[in-house]
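Structure assessment
Residue-level listing of the chains:
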Amino acid sequence: MQKTALIVGASGLVGSQLLPLLLASGRYNRVIAIGRRPLPIMHPKLEQRIVDFDHLEDHRLQLIADDVFCCLGTTMRQAGSKEAFYRVDYLYVAKLAALTAANFAAQLLVVSAMGADSRSRFYYNRVKGEMEEAVRQLPFRAIHFFRPSLLLGPRPEKRTGEQFGALLLRLLRPVLVGRLRSYRAVPASAVAQAMLKAAQQEGHGPYVHLSDAIAEDGYARPV
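First things first, this report covers the structure right here in the doc.

Parameters at a glance
Residues numbered from 1 in each chain as written. Predicted model: local features only at pLDDT ≥ 70, side-chain atom pairs only at ≥ 80, totals over all residues. Heavy atoms only, no water. Helix = DSSP H or I, 4+ residues; strand = E, 2+ residues; numbered from the N terminus. Buried < 20%, exposed > 50% of the residue type's maximum accessible area, 1.4 Å probe, protein only. Contact = heavy atoms within 4.5 Å. Areas by Shrake-Rupley, 256 points an atom, 1.4 Å probe, with all protein chains shown as cover. Axes fitted to C-alpha atoms, helices over the stretch in contact; angles between N-to-C directions. Parallel < 35°, antiparallel > 145°, perpendicular 65-115°, else oblique. Left-handed = near helix turned anticlockwise from the far one by under 90°. Nonpolar A, V, L, I, M, F, W, Y, C, P; charged D, E, K, R; others polar. Salt bridge = Lys/Arg side-chain N within 4 Å of Asp/Glu carboxyl O.

**With respect to the overall build of the protein**
Tallying secondary structure elements over the protein gives seven helices and 10 strands in all. For the protein, the residues scored as buried account for 49% of the 223 residues in total. Sequence separation of at least 24 residues holds for 66% of the intrachain contacts in the protein that already meet a minimum separation of 6. Carbon and sulfur atoms form 56% of the exposed surface of the protein, whose accessible area is close to 11300 Å².

Next comes the structure, spelled out in structure tokens:
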């Protein structure tokens, strides 16, 4: 039986790569895209829902799906403050997860970050870790956390620091072996492909997908 996919963050780097894959997949006959503004795309499977993320609970009846793909995320620079960053990367994600779990979604697949750890000294990693801990408590059949290193791909805005980082990681790739493999940069398209592949595996329990595995074969280790 075909299923319904719900994607949040479809205008972002990973989400924009994932949406076409969901629309092309025979697994889904409906794809619901949740966002602040309409996407410049039309497709027979696609249903767009414009929502206010600060009042996401008001839209809970529009958040009914089998598989939920969360590609929400920002940076400290984009957000403008720690509070704004926390609102997007923790509150919005945790609220989406809670509402879709209450609507009996089977799977949640969420983009996190390498180094996610609620005890980290680094605020970015600590928020990602807190998000993961909150989401783990919810009654999904399967939860997949994708922890990429630096993401490669076209962005609408110029990020000089990330461009330099991507170049540096390309140069260092030959020496990033063994335990350092997870630091390799990964294309956003590979993350999107790994998310769809993980959904198709119909797993049980929480899984973590690291950069090197995402780039190679999408293997996830249960946690």
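Picking up after the structure, the text goes on.
**Here's the deal with the packing of helix α3 (residues 82-102) against helix α4 (residues 123-136)**
Close contact between α3 and α4 brings their axes to 9 Å; oriented N to C, the two are set at 15°. The angle between the axes of α3 and α4 places the two elements in the roughly parallel class. In this structure, α3 meets α4 at a crossing whose hand is right-handed. Mapping the contact onto sequence places Lys82, Phe85, Tyr86, Asp89, Tyr90, Val93 and Ala97 in α3 and Tyr123, Tyr124, Val127, Lys128, Glu130, Met131, Ala134 and Val135 in α4. For the contact of α3 with α4, the residue count by class is 11 nonpolar, no polar and four charged.

**A look at the pattern of salt bridges**
Taken as a whole and assessed by the stated rule, the structure comprises 11 salt bridges. Among the ionic pairs, glutamate 47 bridges to arginine 49, the shortest N-O distance being 2.8 Å. On the accessibility criterion, glutamate 47 (22% relative accessible area) is partly exposed. Close ionic contact of arginine 136 with glutamate 132 constitutes a salt bridge, the shortest N to O distance being 3.9 Å. One end of the pair, arginine 136, and the other, glutamate 132, are both in helix α4, four residues apart, so they sit about a helical turn from each other. What makes arginine 136 partly exposed here is its relative accessible area of 31%. Glutamate 132 sits in the buried class, given a relative accessible area of 2%.

From the geometry alone we can't say anything about function, so treat these as descriptive.
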